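Survey of secondary and tertiary structure
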Amino acid sequence: MEGLGGQSRRRKSLPSDEILPTKSSRRKSSLDQDTKQLGKNQVSFSNVPPDEVGRGSRRSKGWKNKNLERNRLAANRCRTRKREDNEKLEDAEKKMEQQHIRLSSEVAALTTEIYQLKCELLLHSGCSCTLIQRYLESEFQHYIRGMQSESHP
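Because the structure is predicted, anything quoted here is derived from the model rather than measured.

The secondary structure content of the protein amounts to 3 helices and 0 strands. For the protein, the α and β elements follow one another from N to C terminus as α-α-α. Evaluated residue by residue, the protein yields a buried proportion of 3% over its 153 residues. Only carbon and sulfur atoms are counted for the fraction: they give 55% of the accessible area of the protein, which is about 15,100 Å².

Spelled out as structure tokens, the structure:
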């Protein structure tokens, strides 16, 4: 490097400037040490990166395929169960709609019957029956109270 005055400046060598081993050489040396300590028939996976453990072996591929197949079957069961649940809900909805229609028509029929019976009672308002007279009087009072509460909020 050349500085301002055209002089070349060199960095002074420090004790920390020793040549450091690269990652690959460090890995090799630590593997060599581990295998020396373990012996000839034993293998250590402590220095092998986690993403390289078990890759490429038939056993791991078989496990992966088995796991994928199990997952595929579980997904199919889940979809089938969901479809069946939706069908059950749709059937229940149809039944409830039919019941609602039936009950609504029954309410309408009973309301009509009530009006018809009240009309018959009004036709007998001139009779001397005390039960009919009391009923008509109570209905009249009920009707008057309803009219008063509507006009005075």
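Attention shifts here to the pattern of salt bridges. This model, assessed by the stated rule, comprises 2 salt bridges. Between R72 and E69 there is a salt bridge, and its shortest N-O distance comes to 2.4 Å. Highlighted residues: R72 and E69, both in helix 2 (residues 58-123), separated by 3 residues, approximately one helical turn. With a closest N to O distance of 3.9 Å, E139 and K118 form a salt bridge. Of the two residues, E139 sits in helix 3 (residues 130-151) while K118 sits in helix 2, which places them 21 residues apart along the sequence.

In this structure, the largest pocket encloses a volume near 200 Å³. Breaking the lining of the largest pocket down by element, the ones donating at least two residues are helix 2 and helix 3.

Another point: the environment of L136. Position of L136 relative to the elements: it lies in helix 3. In this structure L136 touches L121, L122 and S125, once residues within four positions along its chain are discounted.

In this section: the confidence of the model for the protein. Should pLDDT be low for a region, the predicted coordinates there are not to be read in detail. The predicted model of the protein averages 76 in pLDDT, with 61% of residues at 70 or higher. Between the elements of the protein, mean pLDDT differs from a low of 51, seen in helix 1 (residues 23-38), to a high of 93, seen in helix 2.

Inspection of the secondary structure assignment puts L121 in helix 2. Using a relative accessible area of 25% as the deciding quantity, one classes L121 as partly exposed. Remark: the alpha-carbon pair of L121 and Q133, spanning 12 residues in sequence, is separated by 9.3 Å. Every residue in contact with L121, bar those within four places of it in the chain, is listed here: I132, Y135 and L136.

What follows is about the state of the cysteines. Evaluated as defined, the whole model comprises 0 disulfides. Looking at the unpaired C127, the closest cysteine sulfur is the one in C129, lying at 7.4 Å. Judged by relative accessible area, which is 33%, C129 ranks as partly exposed.

What counts as what
- Residues numbered from 1 in each chain as written.
- Predicted model: local features only at pLDDT ≥ 70, side-chain atom pairs only at ≥ 80, totals over all residues.
- Heavy atoms only, no water.
- Helix = DSSP H or I, 4+ residues; strand = E, 2+ residues; numbered from the N terminus.
- Buried < 20%, exposed > 50% of the residue type's maximum accessible area, 1.4 Å probe, protein only.
- Areas by Shrake-Rupley, 256 points an atom, 1.4 Å probe, with all protein chains shown as cover.
- Salt bridge = Lys/Arg side-chain N within 4 Å of Asp/Glu carboxyl O.
- 1 Å grid on protein atoms, 1.4 Å probe; cavity = no way out; pocket = protein on both sides within 12 Å on 5 of 7 lines; lining within 4 Å.
- Points joined across faces, edges and corners; volume = space filled by probe spheres on them.
- Contact = heavy atoms within 4.5 Å.
- pLDDT = per-residue confidence, 0-100.
- Disulfide = S-S within 2.5 Å.

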